[in-house]
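Residue-level listing of the chains:
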Amino acid sequence: MEADVTASTLPATLDFQVPVGSTVATRVLQTRRDGDDVVVVVEVSQEEWELIDLVMYFNLLWDRRNPGTVSGTGAVQIVMQLDPSLADRIEGDDVITALSALPLDDQLRSTTSWYGLEVTEAVELPPELADKGEVRQGFTTTWADELATR
Amino acid sequence: MMSTVAFDEATSEGWFTASSKAQKTIRTLLDSYHISYPWESQLKMAAAEAASAVERLEEIRRTARLWITDHEVLVSGTTKADPKRVKRRAGMDLLVGACEGEMRVMRDLEHFKSTGGVKGADQDISAVTVSQESDAFTKIKQKYTGDAVSGFRKLGFLIDGAVPMDGDKSSITMEITVPIPPGFISLEFEAEAQRDGERVKAGITVGVSGGASVGSIAKLGVGIGCYLSAKAKTGADVTELMSYALYRRCQESVLVPREITSPLWGGGRSGDFGWVKAEEWSKGVETRIFGADDGAEVSSGVYGKLTAEVEVSKDLASLGFEVKGTKGTKIDKQSIEKAKGRIGATNNISSGVAMSDGGGVRGITQASLGVKNLGLETSAKFEFGILSGGITAEFGWSQTGLVAGKPTYEFDTFEIGAALAGRMPMNKMAGDAIAALIPNLVGTINKVIRGSTQAAQAETAARSGGAITAEVGSYAAAIAELASVPKQTWQPFAADPASAGLDVGSTVSLELSGSFDFMKNELAVELRLGKSSALSNAVKAGGDVVQVFKVDISQSSRLLKLSNTGGGWKLT
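Residues numbered from 1 in each chain as written. Chains lettered and ligands numbered in written order. Predicted model: local features only at pLDDT ≥ 70, side-chain atom pairs only at ≥ 80, totals over all residues.

### Brief notes about the interface of chain A and chain B
Which entries qualify depends on this criterion: Here the contact rule is simple: place C-beta atoms from the backbone, and any two residues whose C-beta atoms are within 7 Å are in contact. Classification used: nonpolar for Ala, Val, Leu, Ile, Met, Phe, Trp, Tyr, Cys and Pro, charged for Asp, Glu, Lys and Arg, polar for all others including Gly.
Contact residues are listed per partner, giving 14 residues for chain A and 22 residues for chain B. Among the residues making up the side of chain A that touches chain B, the classes are represented as nine nonpolar, three polar and two charged.

### Re the confidence of the model for chain B
Residue and element names in this part refer to chain B. The following threshold applies: A score from 0 to 100, pLDDT tells how confident the predictor is in each residue.
Across chain B, pLDDT averages 81, with 82% of residues at or above 70. Confidence over residues 459-470 falls short of pLDDT 50; this stretch has 13 contacts with residues more than four positions distant or in other chains. The model gives residues 492-505 a pLDDT under 50, and that stretch makes 18 contacts with residues more than four places away or in other chains.

### Points about the pairing of strand S4 (residues 37-44) of chain A
Residue and element names in this part refer to chain A. Selection rule: Here a residue counts as buried when 20 or more other C-beta atoms sit within 10 Å of its C-beta, as exposed when there are 12 or fewer, and as partly exposed otherwise, the C-beta atoms being derived from the backbone. A run of H or I in DSSP becomes a helix once it reaches four residues, and a run of E becomes a strand once it reaches two; helices and strands are each numbered from the N terminus. Two strands make a pair as long as DSSP finds a minimum of two bridges between them.
When you tally the buried positions in S4, you get six out of eight residues, the bulk of the element. One ladder, built from seven bridges, connects strand S3 (residues 23-34) with S4; its direction is antiparallel. Among the inter-strand pairings, Arg27 is bridged to a residue of S4, identified as Glu43. Taking the residues that link successive antiparallel strands as the turn, the S3-S4 hairpin has two residues, and the phi of Gly35 there is positive, at about 65°. Here six bridges tie S4 to strand S5 (residues 76-82), and the two strands are oriented antiparallel to one another. The residue bridging Val42 from the neighbouring strand is Ile78, located in S5.

### Overview of helix H1 (residues 46-55) of chain A
The complete set of buried residues in H1(A) reads A:Trp49, A:Leu51, A:Ile52, A:Asp53, A:Leu54 and A:Val55. One or two residues past the end of H1(A) sits A:Met56, with phi positive at roughly 60°.

### Regarding the nonpolar core
Stated precisely, the cut-off is as follows: For this analysis, nonpolar core means a set of buried Ala, Val, Leu, Ile, Met, Phe, Trp, Tyr and Cys residues linked through C-beta atoms within 7 Å.
Of all hydrophobic cores here, the largest spans 56 residues; its most connected members are A:Ile52, A:Val55 and B:Val442. With six residues, S4(A) is the single largest residue contributor to this core. Ignoring sequence-local partners within four residues, the contact set of A:Ile52 consists of A:Val24, A:Val44, A:Tyr57, A:Phe58 and A:Leu60. If you look at the next biggest cluster of nonpolar residues, it comprises 32 residues, including B:Tyr247, B:Ala278, B:Trp281 and B:Ile289.

### A closer look at the pairing of strand S9 (residues 371-384) of chain B
All names here are of chain B. The pairing of strand S8 (residues 317-332) with S9 spans 14 bridges and is classified as antiparallel. From the neighbouring strand, Glu322 faces S9, where its bridge partner is Ser379. Where S9 hands over to strand S10 (residues 387-403), the hairpin turn is made up of two residues, of which Gly385 adopts a positive phi near 60°.

Set out below in structure tokens:
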């Protein structure tokens, strides 16, 4: 059963911790849970994205990325999935509440416990198309297939 | 036993030849011996006194032998004596014989006093030990022991003391600036030493630079200078290699006559004997150091550089750029074997013909034993408050031969590096600082790697060297793993001011640096803890404040080193 968090609790700010001790500030836009598949969609600033990209936080290894790029000139959205082996530590479907309640140094809030599945940024549309919707560009990773087989 | 007067007569070379230090020491020891053990009372001496007399005689004999050894040289299996000290040599030989005769008498006496007879007394005086050396003998022994190989070796303790532990690094820089508004002229001196693994490396740079201020925020400069650096297993070997490199430079230059090189490297001897002694010393260096260590090397050369400094924000942020070109010669075991066949062999003259062992020929220079090389180093540095860092790139070419009289070079060095350092009050140095430094450093390194890889992919020619491979991306991932090391792991590396023993007011820095050697496919990351002290003096010139004198002494210890050659990380 897939459950989306209600819009009243989101977006919410949530920090993740890099094992070495620094933090990555994110804005959680959406969460969903389907059994052991716990997925969050976060937005990060341009500055945060530069470090995420170069230091490969959220397991965004360069050789795991499918073709595609993000310019990093604006906010970047990351869809990422929790390591399935840790999913049973979250009770219920309210993922954001569960994560927020955990201390920063908990394993569930470590950048190494999350796997980036998709990284995108908004594409600026011509004025005549602006109200038609949103177009995003970026890249996916190979983690989705690999996590599904675990 | 020979009297002091007899010794003086036997060793005098005439009024115009001064006494050597060995002669003066022997006089002192002889006087002491004759006073302590006068011949007329020798029969009354106890066995212990006779044994003591043997030791004093051994000191005299050894001193004479030190002088003899210093005044002869072994050439192609034949010992040659200094032709300018023939009489003194004969006197020293006479003294040695007199000492040995007296020592046997004293051995008989010792035995007689113990047993009542001389039969069975120990007459073997080939290996007499001295239980307590006299001050005079200790001093003369130190003098000759140092001179025998090279006075430069004595300076080796400075290097060993500056970098006693693996990973240690020390440097001293001195800059004297003469302001000539709107420009300046600077004299620069830098000495640095570093111990890495089983070897120690040290270098000296001396240069002069000049330039001018552009507006109030930028300073442009141009400089030239020379460098000398060596790598070996001990500080003494390093300093002796530096001496060797200077000797080789002199022997390969038409500008330096042997009247200068022979006394300097021939133990003060001149003429053919001094030349031969210096040559034998240089060949001995090759055998002792290069022959025993494939990794030993010494480089010397000149450099030219362009510099730019920009003050982005007064007293807060600044940027520095430098492009430096070098031209020099590196000597190691391989280069010597290529030049003359084997280590320690007779040197060739510049035309390639082997020289005579008997003496140098005035006006003829020796063939080079080194490999000529060219280098290009570029760097960009920044300072922002307590943070500083930068990136560097190093390129090098070594000469492979001559084509139509023109040297050909092979590209053999390509290395990039990045560093980020934080200078903080020592009691604030803790894991939080490391947490902030590591991700930024990793990001900087990976940015450089990504940029280099993309540039190489775009430029096919750049890949032809085989240096840049597809594995570079996996190295970047390996670097990123540094940020995954739990912060608790880093805590032991945080500074402890109490145990560090740092002076109040010292600047403490934590530096994380990374480098990638494209030729070796080797990645290295280091975390260093350092301290530095700076002394400077500024004056006002042309409306600007100019630092006219600056000395900076820095020392750092490596807390950890991670290296990766493709087979995983290795922690040192």
